[in-house]
Amino acid sequence: MNFLRGVMGGQSAGPQHTEAETIQKLCDRVASSTLLDDRRNAVRALKSLSKKYRLEVGIQAMEHLIHVLQTDRSDSEIIGYALDTLYNIISNEEEEEVEENSTRQSEDLGSQFTEIFIKQQENVTLLLSLLEEFDFHVRWPGVKLLTSLLKQLGPQVQQIILVSPMGVSRLMDLLADSREVIRNDGVLLLQALTRSNGAIQKIVAFENAFERLLDIISEEGNSDGGIVVEDCLILLQNLLKNNNSNQNFFKEGSYIQRMKPWFEVGDENSGWSAQKVTNLHLMLQLVRVLVSPTNPPGATSSCQKAMFQCGLLQQLCTILMATGVPADILTETINTVSEVIRGCQINQDYFASVNAPSNPPRPAIVVLLMSMVNERQPFVLRCAVLYCFQCFLYKNQKGQGEIVSTLLPSTIDATGNSVSAGQLLCGGLFSTDSLSNWCAAVALAHALQENATQKEQLLRVQLATSIGNPPVSLLQQCTNILSQGSKIQTRVGLLMLLCTWLSNCPIAVTHFLHNSANVPFLTGQIAENLGEEEQLVQGLCALLLGISIYFNDNSLESYMKEKLKQLIEKRIGKENFIEKLGFISKHELYSRASQKPQPNFPSPEYMIFDHEFTKLVKELEGVITKAIYKSSEEDKKEEEVKKTLEQHDNIVTHYKNMIREQDLQLDELRQQVSTLKCQNEQLQTAVTQQVSQIQQHKDQYNLLKIQLGKDNQHQGSYSEGAQMNGIQPEEIGRLREEIEELKCNQELLQSQLTEKDSMIENLKSSQTSGTNEQSSAIVSARDSEQVAELKQELATLKSQLNSQSVEITKLQTEKQELLQKTEAFAKSVEVQGETETIIATKTTDVEGRLSALLQETKELKNEIKALSEERTAIKEQLDSSNSTIAILQTEKDKLELEITDSKKEQDDLLVLLADQDQKILSLKNKLKDLGHPVEEEDELESGDQEDEDDESEDPGKDLDHI
């Protein structure tokens, strides 16, 4: 307040004394009047004065206006006047022109009044509660006032709203207001609220902001909409940019799929208004926010896959092919497609398959490269195409191979009807335009990035320089152009290409050194004292010479490592060489290029360094420096240590592979044991069921015996014979049924014995086929348990067979008794037949029955004989099973001995491995002492893994309209 009074007092063109008194009187009326109409009229008068006399009204009336907001909430009209007055005081937007001497003083009025208003946090909370009022005259000025507060002192107001209960939720309700004015101003309010505050951004996102904003964009016509669409897109960017949580929520909510209709622009040449261009530009930027290289790799990869699956990438490629697209939209679309495909194999394969709508169709990659090497195209467009090509080749060995293959002699089109990507790159590499030289060199370097195979393949490329002269290699042609003293940008591009090509490729180093003119040229360039512009070229020449030393396999006697070092010491000097090498990383454009992958330069002369090349320099600068200062003896020791390490690594790898194989075999054997356990449990269940069935049959047999004994006790002499004749056939039939059931049970037991024998054979085979000591030990332990269980089951089967044999013996005895009774009855019938004729007739019937009984008895005897033979066979099988068990026991003893031996061997092996690990550790320490970088074991293992390349054709797109 003191500051404001000072400003008011120092104001040269202040209001007249009467107007100041008027403002004072109005404030008194607001404070003291008891009638609502008087207070309302006074606040309305203050509103009318607040624009012209902003300072005076703010100083005298702010406290009274805040009091009105607290006490007169029932009257929406006076609340609206008070909010409008506060807005006029705080906002800087509607300031009228003032004289120069007071301009600087009035600029800070908004922030000063805002500071006074938010000093009491209850004022902001009060304003948030007023926004819940649906009345237009309250809600709309409240939205504008809170927006102005956020613009003046955003972080402080954000913090107050963040700690206010339901503060953000109340503001989110503005997006659902049916009145477009409030809804649109609510979007602007949320823009200011979410700026640079991750916590509020998360709350707004989880309050369903994405759904509401996308609905508004769709209702307004997507890219054809007005400024409301622009405001919604800016708010979406605030919520998503540098906020991984919201990006993940956006993807998980399937909101990426709803972005596809934004880019349905068609092929019309008209209809590109300035607002539509702005909207589409923001939409493309929003896509790039989700797939930015600075995001976590996992989040970017999932968004890239979602964009391909929903067809968003295809829609972007359609815009790329469309005619009549403005240049800035086309450039931004190329950049967007670049980041959507960067490092994503599926998207890169799709992009390679896109064809341009030309006759005949040409791959889009070829058409893009045509624009890149065409010096008449806009600079920003050429940078965008280079970035697209780099993203296409990023971690894409398949794409790198396809680009390099277009340069090889076997794949070049002999008819010359079509131009390949490789031919365009070579054409740009050797054109007269230095920017084309640089772009083509960087693009070709990306085709070789981290791909030793393609570096070797590119050595096969031969170029026809002129008619009648023999062809020269691409490598030699690059060095020839270097020696001709072309522009700095061209030489820097070629040196970056050569450094990338020769690094980690001893064969390419040998080819480079094979030309006797290359080393003298490099040493001559480094040794000269040139101006500042040439220092960068000298540094790159030093880097190339250092790569030729570090990756030299000493296959050329004249250019071995030691000789090259001696050459540097004599002609350049080691200190001077290292100093020239350091010029690269000290260059002002080096740090700029190392920040982002996208080549974003204000003008062509700033295109010096490539992002991936800065990584290579950072990696090689230190090791080259150490390699220069090493002596020949240290090099020999280092090579010996390397060989020893490689041998030990091979031994360790061998044993690791052996252990992996043993683990696999153990897993297989465990699965077999578990399968055998299941089978054994099933067999145990079957045996239990059989035992219960046999017990049931025993009970039935005992009941039949008891019934038969009772019937025999009640029989008389003649009547007993007649009754026996009536009952005996039924009893015999029952006995036959019992015998049939016993035969079935014996067959089931026989089949179970067969299964047990087969299981024993399987166990024997699994024991004998084991090649692994540890697995044999486990199997032998499992087999001993199985043998014990089989012994128990065999004993149970023996007891069951014995009980069945006893039952058969009893049945035979009972049949003999029945036969004796039948013969006695027959004799008594013959004695009576001599005296009585009636009985003779009955005797004839009895004889017929007896003959039938005798026949059935013979059949029963045959069946009993067959059962006894089966019993004998079962006994023989039991004997063989016992012998098998004895053999298994013997084998078990042998396996236990083998287990003991294998344990001793394993202990010896572990001791050997421990000694070897100790030796390796000591050797690695020696290497570290010598200054050689030593890779860890996990990195060595990960280095053995190679990604498999998917097969795909390489179609493209047409951009003749570019």
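The rules behind the values
- Residues numbered from 1 in each chain as written.
- Predicted model: local features only at pLDDT ≥ 70, side-chain atom pairs only at ≥ 80, totals over all residues.
- Heavy atoms only, no water.
- Helix = DSSP H or I, 4+ residues; strand = E, 2+ residues; numbered from the N terminus.
- Buried < 20%, exposed > 50% of the residue type's maximum accessible area, 1.4 Å probe, protein only.
- Contact = heavy atoms within 4.5 Å.
- Salt bridge = Lys/Arg side-chain N within 4 Å of Asp/Glu carboxyl O.
- Phe/Tyr/Trp six-rings, centres within 6.5 Å; stacked < 30°, edge-to-face > 60°.
- Lys NZ or Arg CZ within 6 Å of the ring centre and 35° of its normal.
- Arc of directions from axis to C-beta.
- Expected span 1.5 Å × (residues − 1).
- Patch = residues over 30% accessible without salt bridge, like charges linked within 9 Å, V, L, I, M, F, W, Y side chains within 5 Å.
- Areas by Shrake-Rupley, 256 points an atom, 1.4 Å probe, with all protein chains shown as cover.
- Lys, Arg positive; Asp, Glu negative; His and termini not counted.
- Charge placed at Lys NZ, Arg CZ, Asp CG, Glu CD.
- Axes fitted to C-alpha atoms, helices over the stretch in contact; angles between N-to-C directions.
- Parallel < 35°, antiparallel > 145°, perpendicular 65-115°, else oblique.
- Left-handed = near helix turned anticlockwise from the far one by under 90°.
- Nonpolar A, V, L, I, M, F, W, Y, C, P; charged D, E, K, R; others polar.
- Disulfide = S-S within 2.5 Å.
- pLDDT = per-residue confidence, 0-100.

Examining the overall build of the chain
So, point 1. A count of helical and extended segments in the chain gives 42 helices and 4 strands.
So, point 2. For the chain, buried positions account for 47% of its 962 residues.
So, point 3. Sequence-distant contacts in the chain: of pairs separated by 6 or more residues, those separated by 24 or more amount to 75%.

Notes on the pattern of salt bridges
So, point 1. Applying the stated criterion across every chain, the model contains 22 salt bridges.
So, point 2. Between Glu77 and Arg40 there is a salt bridge; the shortest N-O distance is 3.7 Å. With Glu77 in helix α5 (residues 76-90) and Arg40 in helix α3 (residues 36-50), this residue pair connects regions lying 37 residues apart in the sequence.
So, point 3. Across the pair Asp177 and Arg139 runs a salt bridge whose closest N-O atoms are separated by 2.6 Å.

Some details on the packing of aromatic side chains
So, point 1. Taken as a whole and assessed by the stated rule, the structure comprises 12 aromatic pairs.
So, point 2. Judged by centre distance (4.6 Å) and plane angle (40 degrees), the rings of Phe206 and Phe249 are tilted. Of the two residues, Phe206 is situated in helix α13 (residues 198-206) and Phe249 in helix α16 (residues 244-252); the sequence distance between them amounts to 43 residues.
So, point 3. Using a relative accessible area of 52% as the deciding quantity, one classes Phe206 as exposed.
So, point 4. Residue classification places Phe249 among the partly exposed positions, given a relative accessible area of 26%.
So, point 5. Among the aromatic residues, those joined into a cluster by ring pairs are Phe206, Phe210, Phe249, Phe250 and Tyr255.
So, point 6. Of note, Arg342 hangs over the ring of Tyr394, and the distance from its end group to the ring centre comes to 3.8 Å.
So, point 7. Sitting above the plane of the Tyr606 ring, Arg592 keeps its charged end 5.9 Å from the centroid.

Examining helix α31 (residues 518-527)
So, point 1. Inspection of α31 places Asn518, Val519, Leu522, Thr523, Gln525 and Ile526 among the buried residues, and these make up the whole buried set. Each buried residue of α31 lies within a common arc of 160 degrees when the element is viewed along its axis, so the set occupies one face.
So, point 2. On its buried side, α31 packs onto α28 (474-483), α29 (488-502), α30 (506-514), α32 (532-550), α33 (561-571) and α34 (574-581).

Examining the side chain of Asn238
So, point 1. Here Asn238 lies in helix α15 (residues 227-240).
So, point 2. Judged by relative accessible area, Asn238 falls into the buried class, the value being 16%.
So, point 3. Those residues in contact with Asn238, other than ones at most four positions away along the chain, are Gln191, Thr194 and Gln201.

Observations regarding helix α20 (residues 327-341)
So, point 1. Between its first and last C-alpha atoms α20 spans 21 Å; for 15 residues at 1.5 Å apiece the expected length is 21 Å, and the two agree.
So, point 2. Following α20 by one or two positions, Gly343 has its phi on the positive side, about 75 degrees.

As for a negative patch on the surface
So, point 1. Taken together, the side chains of Glu898, Asp901, Glu905, Asp907 and Asp908 present a region of like negative charge at the surface.
So, point 2. Note on placement: Asp908 falls in helix α41 (residues 837-930).
So, point 3. We classify Asp908 as exposed; its relative accessible area is 53%.

Some thoughts on the environment of Glu375
So, point 1. Looking at the element boundaries, Glu375 is found in the loop between α22 (364-372) and α23 (379-393).
So, point 2. Note: C-alpha distance between Glu375 and Ser436 (61 residues apart in sequence) is 7.0 Å.
So, point 3. Filtering out sequence-adjacent residues up to four positions away, Glu375 remains in contact with Arg382 and Asp433.

A word on the packing of helix α25 (residues 421-429) against helix α26 (residues 434-447)
So, point 1. For the pair α25 and α26, the least separation of the axes is 7 Å and the interaxial angle reads 135 degrees. As judged from the angle between their axes, α25 and α26 are oblique. Handedness of the crossing formed by α25 with α26: left-handed. For the pair formed by α25 and α26, the contact residues are Leu425, Gly428 and Leu429 on the first element and Ser436, Asn437, Ala440, Ala441, Ala443 and Leu444 on the second.
So, point 2. Counted by class, the contact of α25 with α26 contains 6 nonpolar, 3 polar and no charged residues.

Considerations on the packing of α3 against α5
So, point 1. Direction vectors running N to C along α3 and α5 enclose 25 degrees, while the axes themselves pass 9 Å from each other. It follows from the interaxial angle that α3 and α5 lie roughly parallel. The handedness of the crossing between α3 and α5 is left-handed. Between α3 and α5, the contacting residues are Leu36, Arg39, Arg40, Val43, Arg44, Leu46, Lys47 and Ser50 on the first element and Glu77, Ile78, Tyr81, Ala82, Asp84, Thr85, Asn88 and Ile89 on the second.

Let's talk about unusual backbone geometry
A negative phi angle is the norm for most residues apart from glycine, just as the trans form is the norm for most peptide bonds.
So, point 1. With a phi close to 60 degrees, Asn504 is a non-glycine residue in the positive phi region.
So, point 2. Turning to its location among the elements, Asn504 is positioned in the loop between α29 and α30.
So, point 3. Since its relative accessible area comes to 46%, Asn504 is described here as partly exposed.
So, point 4. With a phi close to 60 degrees, Asn554 is a non-glycine residue in the positive phi region.
So, point 5. Take Asn554: it is sitting in the loop between α32 and α33.
So, point 6. With relative accessibility at 26%, the residue Asn554 sits in the partly exposed group.

Quick look at the state of the cysteines
So, point 1. With the rule as written, the count across this model stands at 0 disulfides.
So, point 2. Of all cysteine sulfurs, the one in Cys383 lies closest to Cys439, which takes part in no disulfide; the gap is 6.3 Å.

Some thoughts on the confidence of the model for the chain
So, point 1. Per-chain confidence: the chain averages 81 in pLDDT, with 78% of residues scoring 70 or above.
So, point 2. Low pLDDT (under 50) marks residues 716-727, which in the prediction has 17 contacts with non-local residues, meaning those over four places away or in another chain.
So, point 3. When the criterion is pLDDT under 50, residues 937-962 qualifies, and its contacts beyond four places in sequence or with other chains add up to 72 contacts.

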